2 protein chains.
Amino acid sequence: MDIRRADKIAETLEQLVFSGAYSDGDRLDELKLAEQFNVSRTPIREALQVLVSSGMAEQIPRRGVFVRQPGPVELMEMFETMAEIEAACGRLAATRITEDGLAQLAEANVNCQQAVANLDHDLYYDENERFHQIIYRGSANRYLEKQTLQLQNRLRAYRKMQLRFRGRLDQSMAEHLEIVAALQNEDADRAATALRDHVAVQGEKFHRLMASLKN
Amino acid sequence: MDIRRADKIAETLEQLVFSGAYSDGDRLDELKLAEQFNVSRTPIREALQVLVSSGMAEQIPRRGVFVRQPGPVELMEMFETMAEIEAACGRLAATRITEDGLAQLAEANVNCQQAVANLDHDLYYDENERFHQIIYRGSANRYLEKQTLQLQNRLRAYRKMQLRFRGRLDQSMAEHLEIVAALQNEDADRAATALRDHVAVQGEKFHRLMASLKN
DNA sequence: GGTGGAATTTTTGTATACAATAAATTTGAC
DNA sequence: GTCAAATTTATTGTATACAAAAATTCCACC
């Protein structure tokens, strides 16, 4: 896929940052990374710029680039933004999603249901992600879709935490059905509200997420 | 401000692309740019990566980077996304904006009014931009604020076109008042709707924008 | 005149070398 | 012993050199 080594390195570094291999404020040493990846500093520097532009690291001129792990506040802000953007996708999708799109949503939900029955968190996670992506696509706005996918990707690691909690799967499932119903009725406001509430981190969800960050 | 030459070059290149100095599909030749800026290829390449990550150019491995000027479709998608995101800012700001924020909005509107009276498009443009930025800030969500500012910046050149049309200033002004009223009443839905309609490019606005792109 | 392919030229991607600035350490005065 | 200035070291930013792939040119052949 990638011919450029720098791109592969960027991908690997992203995953490393996501996985928590680096803490907030850690400096990404060009020389160390270069010998770690067995390349020169050049592709490393290009990879670092990718991290910087995605907001996962910060560059301070003549000082280096430092990883930026979002704290609780920024994390909440990102989830809130995600909720609003997904609501927007739902609003647009309500009048634009195709029959095929609705069918795909139904299919994803069947698979989700299956996962709930088997308490298969990983399967649920994958199908849930797909469910949401179908809605992004349904907005019939490629630009919005791309932006939303980016944020979804950025929050992936944290969403994974959330789904681990007891009872979350059942509730999430019910909300999916409400979302689909709104889309089928072409009710833009209802779809937007349903998606906003589904994605938002409030009440119990909030406390659970905060607690899980204490590690 | 910038110590890194690459950053300054990136900024200059961005403006060049915005100004229409390059057409869609033009290749950004590293060597030519290097001698044009009197630097080596290294800082040029770093600058190009910035353009790529902001979506203003596309990189094809082993081929080069090519400018991507949004066509009519993508432009409409970007405006639609902007409308939705600003609506989200308004929704959150309705219950969060401070008294000081409201005061700043009133002040910006006074200046806008002044500009309308004098038919001073440039002043109106600046104050209008400020008006919107106060609302982004009012959302009390720094992440959302930053994302919104980015898109606002990306659409700047095209918004400038829009305001040149006759009658647009008066209508825009009236919409500002409705937005402020909604925020003062802490009416989230009303604020969101008012902002969405204000920013959206529909009906006559749409045709005018399309016509102005024909150049 | 057109076509296919080898040779040449361009151009990107990476490595290395150098310059300039910031961090660390040493040295010296008090 | 402590603080500060000076020197050394480390690290980023840029320039140049080299490797590899793509684009172009040129020429034989049909």
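Asks: Help me understand the environment of Phe-79 of chain B in this model?
Replies: All names here are of chain B. Along the polypeptide, Phe-79 turns up in helix α4 (residues 72–96). Measuring from C-alpha to C-alpha, the distance between Phe-79 and Gln-152 comes to 9.4 Å, with 73 residues separating the pair along the chain. Every residue in contact with Phe-79, bar those within four places of it in the chain, is listed here: Leu-155, Ala-200 and Val-201.

Asks: How do you make sense of the protein's contact with DNA strand D when you look at a structure like this?
Replies: Surveying the vicinity of DNA strand D reveals 17 residues, the closest of which are Gly-64 of chain A together with Arg-5, Val-39, Ser-40 and Thr-42 of chain B. The element contributing the most residues to the surface near DNA strand D is helix α3 (residues 41–53) of chain B, with three residues. Broken down by class, the residue content of the surface near DNA strand D amounts to five nonpolar, three polar and nine charged.

Asks: How should I be thinking about the relation of the copies chain A and chain B in this particular structure?
Replies: When chain A is fitted to chain B, the best match, at an RMSD of 0.1 Å, comes from turning it 180° and sliding it 0.0 Å along the axis. The two molecules are tied by a two-fold rotation axis, judged by turn and shift. A shared binding surface is used by both copies, with 100% of the interface residues of chain A retained as interface residues in chain B.

Asks: How should I be thinking about unusual backbone geometry in this particular structure?
Replies: What you tend to see is this: most non-glycine residues have negative phi, and most peptide bonds are trans. Of note, Leu-119 of chain A is a non-glycine position whose phi angle comes to about 55°, a positive value. Tracing the sequence through the fold places Leu-119 of chain A in the loop between α5 (99–117) and α6 (121–138). With 10 C-beta atoms packed within 10 Å, Leu-119 of chain A lands in the exposed category. Residue Arg-62 of chain B is not a glycine yet carries a positive backbone phi of 65°. Inspection of the secondary structure puts Arg-62 of chain B in the loop between β1 (57–60) and β2 (64–67). Arg-62 of chain B gets classed as exposed once you count the C-beta atoms within 10 Å, which come to 7.

Asks: Could you clarify how one ought to interpret the protein's contact with DNA strand C in this entry?
Replies: Around DNA strand C, the surrounding shell holds 17 residues, and the nearest of these are Arg-5, Val-39, Ser-40 and Thr-42 of chain A together with Gly-64 of chain B. Only α1 (5–18) and α3 (41–53) of chain A together with α2 (30–37) of chain B provide two or more residues apiece to the surface near DNA strand C. Here the surface near DNA strand C takes three residues from α3 of chain A, the largest share from any one element. Here the residues of the surface near DNA strand C are counted per class, giving five nonpolar, three polar and nine charged.

Asks: What am I meant to see in the nonpolar core here?
Replies: The nonpolar side chains of a soluble globular protein tend to be buried, and buried together. Residues Ala-191 of chain A together with Ala-191 of chain B are the most contacted members of the largest nonpolar core, which totals 66 residues. Discounting chain neighbours no more than four positions away, the residues touching Ala-191 of chain B are Gly-90, Arg-91, Ala-93, Ala-94, Ile-179, Ala-182 and Leu-183 of chain B. Ranked by size, the runner-up nonpolar core spans 15 residues in total, among them Ala-10, Leu-48, Val-50 and Met-56 of chain B.

Asks: Looking at this structure, I do not really get the interface of chain A and chain B. What am I missing?
Replies: Between chain A and chain B, the contact holds 21 residues from the first and 21 residues from the second. If one sorts the elements of the side of chain A that touches chain B by residue count, helix α4 (residues 72–96) of chain A sits on top with seven residues. Looking at side-chain class alone, the side of chain A that touches chain B contains seven nonpolar, five polar and nine charged residues.

Asks: Explain the domain arrangement of chain A here, please?
Replies: When the parts of a complex come together, some accessible area is lost, and that lost area is often taken as the interface size. By the assigned domains, chain A splits into domain 1 (5–67) and domain 2 (72–213). Computed from C-alpha coordinates alone, the two centres of domain 1 of chain A and domain 2 of chain A are separated by 30 Å.

Asks: Can you help me understand the packing of α4 of chain B against helix α6 (residues 121–138) of chain B in this one?
Replies: Two quantities define a packed helix pair, namely the angle between the helix axes and the distance between the axes. All names here are of chain B. Contact pair α4 / α6: the axes reach a minimum separation of 7 Å and the direction vectors enclose 65°. For the pair α4 and α6, the crossing hand works out as left-handed. Here Glu-86, Cys-89, Gly-90, Ala-93 and Arg-96 of α4 come into contact with α6, specifically with His-132, Ile-135, Tyr-136 and Gly-138. Per-class residue counts for the contact of α4 with α6 are four nonpolar, three polar and two charged.

Asks: Help me understand the environment of Ala-57 of chain A in this model?
Replies: Residues and elements named next belong to chain A. Inspection of the secondary structure assignment puts Ala-57 in strand β1 (residues 57–60). In this structure the C-alpha to C-alpha distance between Ala-57 and Leu-149, which are 92 residues apart in sequence, comes to 19 Å. The residues contacting Ala-57, other than those within four sequence positions of it, are Leu-28, Leu-48, Leu-51, Val-52, Val-65, Phe-66, Val-67 and Arg-68.

Asks: Help me understand the confidence of the model for chain A in this model?
Replies: For residues with low pLDDT, the predicted coordinates do not support detailed interpretation. In the predicted model, chain A carries a mean pLDDT of 93, and the fraction of residues at 70 or more is 99%. Interface scoring of the predicted complex returns ipTM 0.92; its pTM is 0.93.

Asks: Got a minute to help me understand helix α5 (residues 99–117) of chain B in this structure?
Replies: Because an α-helix packs 3.6 residues into every turn, residues spaced three or four apart end up facing the same way. Residue and element names in this part refer to chain B. The first and last C-alpha atoms of α5 sit 27 Å apart over 19 residues, in line with the 27 Å expected at 1.5 Å per residue. Among the residues of α5, Leu-105, Ala-108, Cys-112 and Ala-115 are the ones counted as buried. Axial view of α5: buried residues confined to an arc of 75°, hence all on one face. Across α5 from its buried face, at more than 90 degrees, point the exposed residues Glu-99, Asp-100, Ala-103, Val-110 and Ala-117.

Asks: In this structure, what is going on with the pairing of β1 of chain A? I would like to understand it.
Replies: One face of the sheet, then the other: side chains in a regular strand alternate in exactly this way. All names here are of chain A. Where β1 lies against strand β2 (residues 64–67), four bridges are found, and the strand directions are antiparallel. Bridging across to β2, Ile-60 finds its partner in Gly-64. The turn joining β1 and β2, which pair antiparallel and follow one another in sequence, is formed by three residues; a positive phi near 65° is taken by Arg-62.

Rules used in this analysis
- Per chain, the residues get numbers from 1 upward, laid out in the order the sequence is written.
- The lettering of chains begins at A and the numbering of ligands begins at 1, in the order of writing.
- For this predicted model, a pLDDT threshold of at least 70 governs which residues receive local features, and a threshold of 80 or more governs which side-chain atom pairs are given and counted, while totals over whole chains, interfaces and linings are taken from all residues.
- A helix here means a DSSP run of H or I that spans at least four residues, while a strand means a run of E at least two residues long, and both kinds are numbered starting from the N terminus.
- Placing a C-beta atom from the backbone of each residue, one calls two residues in contact when those atoms lie within 7 Å.
- Throughout this description, a residue near a molecule or strand is one whose C-beta atom, derived from the backbone, lies within 6 Å of it.
- Here the nonpolar group is Ala, Val, Leu, Ile, Met, Phe, Trp, Tyr, Cys and Pro; Asp, Glu, Lys and Arg are the charged ones; every other residue, Gly included, is treated as polar.
- The fit set for superposing copies consists of C-alpha atoms from residues with pLDDT of at least 70 in both; the fit itself is least squares.
- Exposed residues have 12 or fewer other C-beta atoms within 10 Å of their own C-beta, buried residues have 20 or more, and residues in between are partly exposed; the C-beta atoms are placed from the backbone.
- Only buried residues count toward a nonpolar core: Ala, Val, Leu, Ile, Met, Phe, Trp, Tyr and Cys, linked into one set through C-beta atoms within 7 Å.
- Where a domain begins and ends is set by an automatic assignment or by a domain database.
- Geometry is summarised by axes, namely lines fitted to C-alpha atoms with helices restricted to the contacting stretch, and by angles between N-to-C directions that run from 0 to 180 degrees.
- Put simply, a crossing is left-handed when the front helix is turned counterclockwise from the back one by less than a right angle, and right-handed when it is turned clockwise.
- Think of pLDDT as the predictor's per-residue confidence, scored from 0 to 100.
- Helix span is expected to be 1.5 Å times the residue number reduced by one.
- The directions from the helix axis to the C-beta atoms are what the arc is built from.
- Only strands joined by at least two bridges in the DSSP assignment are considered to pair.

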